[in-house]
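A structural walkthrough
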Amino acid sequence: MSREKTISNAKSKKDKQSRKIILWIVLILVAIIQLFPLIWLVDFSLASSNEMFTSGLLIIPKKIQWGNYKTAFVDGHFLLYLKNSILINGLAVILVIVVSIMAGFACRRMKWKLSGFVKTLLLMGMMIPIHATLLPNFKIYSKLGLTDTIWALLIPYVAFSLPQGLFLMTSFIEAVPVEIEEAAVMDGCGIFRIIVQIVTPMIRTSIATVAIMTFLNNWNEFMMASTYLSSPTWKTLPFSVLEFTGQYSSNYAVQFAVMALTAAPAVIVYVLLNKYITKGVAMGAVKG
Amino acid sequence: MKRKLVSVVLATTMLATMVTGCGGKDNSSADGAAGTEKSDDSGSNGGASGDAVTLKVYSNLPDRNNGQGLVEQMIIDDYMEENPNVTIEVEALDEEAYKTKFKAYSMEGMPDVVSIWGQPSFLDEVLDAGVLAELNEADYADYGFLDGSLEGFKKDGKLYGLPRNTDVAVFYYNQKIFDDNGWSVPETYDDLLALAGPIKDAGLIPVAMDGGDGWPMAVYLSDLMFKITGDYHQTALDALANADFSDPAFTEATQLMKDAADAGLFQNGYDSQDYGTAMNLFTNGQAAMFYMGSWETSMATNEDIPEEVRENIRVFTMPVVKDGKATATDIEAWNGGGYAVSANSEVKDEAIKFLNYMYQPDKLSKYGWENGVGMSAQDQSAYMTGDETELQKQIVDIVSQSTKVSGTTINDLGPAAFKTAIESQIQGVSNGTITIDEFLTGIADSVK
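Residues numbered from 1 in each chain as written. Chains lettered and ligands numbered in written order. Predicted model: local features only at pLDDT ≥ 70, side-chain atom pairs only at ≥ 80, totals over all residues.

1. Brief notes about the overall build of chain A
This is how it is decided: Numbering goes from the N terminus for both helices and strands, where a helix is a DSSP run of H or I of at least four residues and a strand is a run of E of at least two. Burial is judged by counting other C-beta atoms within 10 Å of a residue's own C-beta: 20 or more means buried, 12 or fewer means exposed, and anything between counts as partly exposed, with every C-beta placed from the backbone. Two residues qualify as a contact pair if the distance between their C-beta atoms, derived from the backbone, is within 7 Å.
For chain A, the count of helices and strands is twelve helices and zero strands. For chain A, with 288 residues in total, the buried portion stands at 35%. The long-range fraction of contacts in chain A, counting pairs at least 24 apart against all pairs at least 6 apart in sequence, stands at 78%.

Encoded structure:
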């Protein structure tokens, strides 16, 4: 009896183990597919321009070219552009979060006549193609004297990320039980205190989702940046790649190094916030 | 209903006040920027008296440490050193971004000195907008510009810009590979096509072609057209004006180009591979020839290219075609990029002074020659040191011995829509996806 039990135990253990192995193999395969572009990027950034055009998938550089990174830092003005990118993207993320929480709360929880209309109006922003606004915005900016200032990028970055942010926020705010807010009001909470102290902590995951989406959307944006900026003062990281673009052919190796450096912060942000984003997106999907 | 109307009006008013409120705030926050602009203005007024002047240069050469971009930057540095009161601010973007922002600038005021292309596909729209300043052609009589090189920068007899380079379409070839296999430089187009078989049998690619970009193939087509007609300029302009490309020369040239692709002259996948890929096939010794412009002469001095390739690069131009009207020394050459001054520049005098400075014989020509970025549009024989690479000497000979030059390539003769049409459909006709007739009606439709 007891022997039989141990056998079946061992069997199910074995079963479990083989299932685990299959799971691991699948996961490792997926991980390799996902990570390969990054590995490829780093690999190519350490080769010389001439080794780039091989038929193989990866290059084994004859000599590891750390010089590519040095050139990227010095000639690509990497640190200045990194500072600008972080500042502009950081501010854009903060503004989008603050505005979308407040607007989301106002449109979902507060009762006023045009709440539905205002929400639709803001969400309609999702339908406007960014590039259609390029030249009209340039004209407006130069009339207002905003070209080549930080506002030239901050305004469109916030404006174009806001609809998406608002869309996610409203569905999350929906999920917060009204009773909690009612209780807060009973205890004498004002409206801003409700938002800051009651609602915001409860929708942390959605804040992470919106933050990561806004950040990744704007991090690599180049078309608007190249049109609205002219002096190096506020140029963002994608300009760094441009510094190595020749008239006919380019310094590919250094461009790879720049791209690896540009991708790094985005990857770090993703890794840091990633445990929230999966939760966040799934929750939003059901409640929307 | 009435209440609804009232609320809509109220909302609009609120929105309006919000917007104007923001506008006011934006204005005040932008004061810093406006302030600097003002100081620029005062600088320009005092330019004559030696006060600070800021010149804005808008360039299509983002890489300031290599090639043409380096040459441009060297001249700018020289100028600032000689004129301490002048500050030159460079803004550089690459081709597509450059042209997009150029449009934006033409609405709201150009930088003082800009890069332009002396081709109708670019220049026509720009000149119609009236954003470029007219230059006095007589001033440039002793600048040594090559015959006809200013033509592309003129409209109604008035000069609006100056050319930077002379570009020649050539076949670069690896002499060592040719010698080792007993191949010789083709005398006729049929000879060239006949080379495809033996070269492929030797395990090499006959001609590395940048077909992915469209324009090199359009240059190839123009080159053939030139060999057939001896002068395609008027034929092409007529065809563009009438939206009718039924002239037999177009069909013949397209057929000859297709013959090359059919004979396997270009590498596999030439129709999607880009500049760098094609060039590297040649510089790695995988391809025996490479069809490109004379600006790649610097390959001969590029340390990144293996020595056995770099020292054996030689060049020939498109061989004659059967019953063609052009001789072997008639070459496909044009003056593409150049510079112009903004019509509304507040420091126009200084800008023109700087423009002329760039074209002083010992600047663009000399620096360009020393850095191997190709031929300038001016006479640069004075800068030959005798230490030039074999390749450089060959190119100089080709230009100096040429009996006739073609001028602007066909794709750049028409408006921008035509350029896009021909450069996006040319791969299709060469690989047989569309027929020659479909191709010719397709490009005709773009100018209707």
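2. A word on the domain arrangement of chain A
Which entries qualify depends on this criterion: Start and end points for every domain follow an automatic or database-based domain assignment. For this classification, the nonpolar set comprises Ala, Val, Leu, Ile, Met, Phe, Trp, Tyr, Cys and Pro, the charged set comprises Asp, Glu, Lys and Arg, and every other residue, Gly included, is treated as polar.
In terms of domains, chain A is made up of domain 1 (2–45) and domain 2 (75–287). Taken together, the residues of the side of domain 1 of chain A that touches domain 2 of chain A sort by class into four nonpolar, one polar and no charged.

3. Some words on the domain arrangement of chain B
Residue and element names in this part refer to chain B. Annotation of chain B at the domain level lists domain 1 (53–164 + 335–383) and domain 2 (167–333 + 394–445). Taking only C-alpha atoms into account, the centre of domain 1 sits 28 Å from that of domain 2. Listed per partner, the contact involves eleven residues of domain 1 and 18 residues of domain 2. Per element, the largest residue contribution to the side of domain 1 that touches domain 2 is three residues, and it comes from helix H5 (residues 120–128).

4. Looking at the packing of helix H10 (residues 248–262) of chain B against helix H16 (residues 416–431) of chain B
A pair of packed helices can be characterised by two numbers: the angle between their axes and the separation between those axes. Residues and elements named next belong to chain B. Put simply, the rule reads: The convention used is that axes are lines fitted to C-alpha atoms, helices contributing only their stretch in contact, and that angles between N-to-C directions extend from 0 to 180 degrees. In this scheme the handedness of a crossing depends on how the near helix is turned from the far one: anticlockwise by less than a right angle means left-handed, clockwise means right-handed.
Closest axis-to-axis distance for the H10/H16 pair is 8 Å, and the angle between their directions is 65°. H10 and H16 meet at a crossing whose hand is right-handed. Between H10 and H16, the contacting residues are Thr254, Met257, Lys258 and Ala261 on the first element and Val429, Ser430 and Asn431 on the second. Broken down by class, the residue content of the contact of H10 with H16 amounts to three nonpolar, three polar and one charged.

5. Here we look at unusual backbone geometry
Generally, phi is negative for residues other than glycine and the peptide bonds are trans, each holding for most cases. All names here are of chain B. For aspartate 156, which is not a glycine, the phi torsion comes out positive at approximately 50°. Tracing the backbone shows aspartate 156 in the loop between strand E4 (154–155) and strand E5 (158–159). One non-glycine residue, alanine 243, adopts positive backbone phi at about 50°. Locating alanine 243 in the fold gives a position in the loop between helix H9 (233–242) and H10.

6. Examining the sheet that holds strand E1 (residues 53–59) of chain B
Residues and elements named next belong to chain B. Operational definition: Between any two strands, pairing holds if DSSP finds at least two bridges.
Here we have five strands laid out as an open sheet, ordered E2-E1-E3-E13-E6, and mixed in their pairing. Edge positions in the open sheet fall to strand E2 (86–92) and strand E6 (162–163), since each of these has one partner strand only. Pairing of strand E3 (residues 113–117) with strand E13 (residues 337–341) involves five bridges; the strand directions are antiparallel. Residue valine 114 lies in a different strand from E13, and its bridge partner there is alanine 340. Packing of helix H3 (residues 67–82) onto the sheet brings it into contact with E1 and E2, and relative to E2 it is tilted by some 160°.

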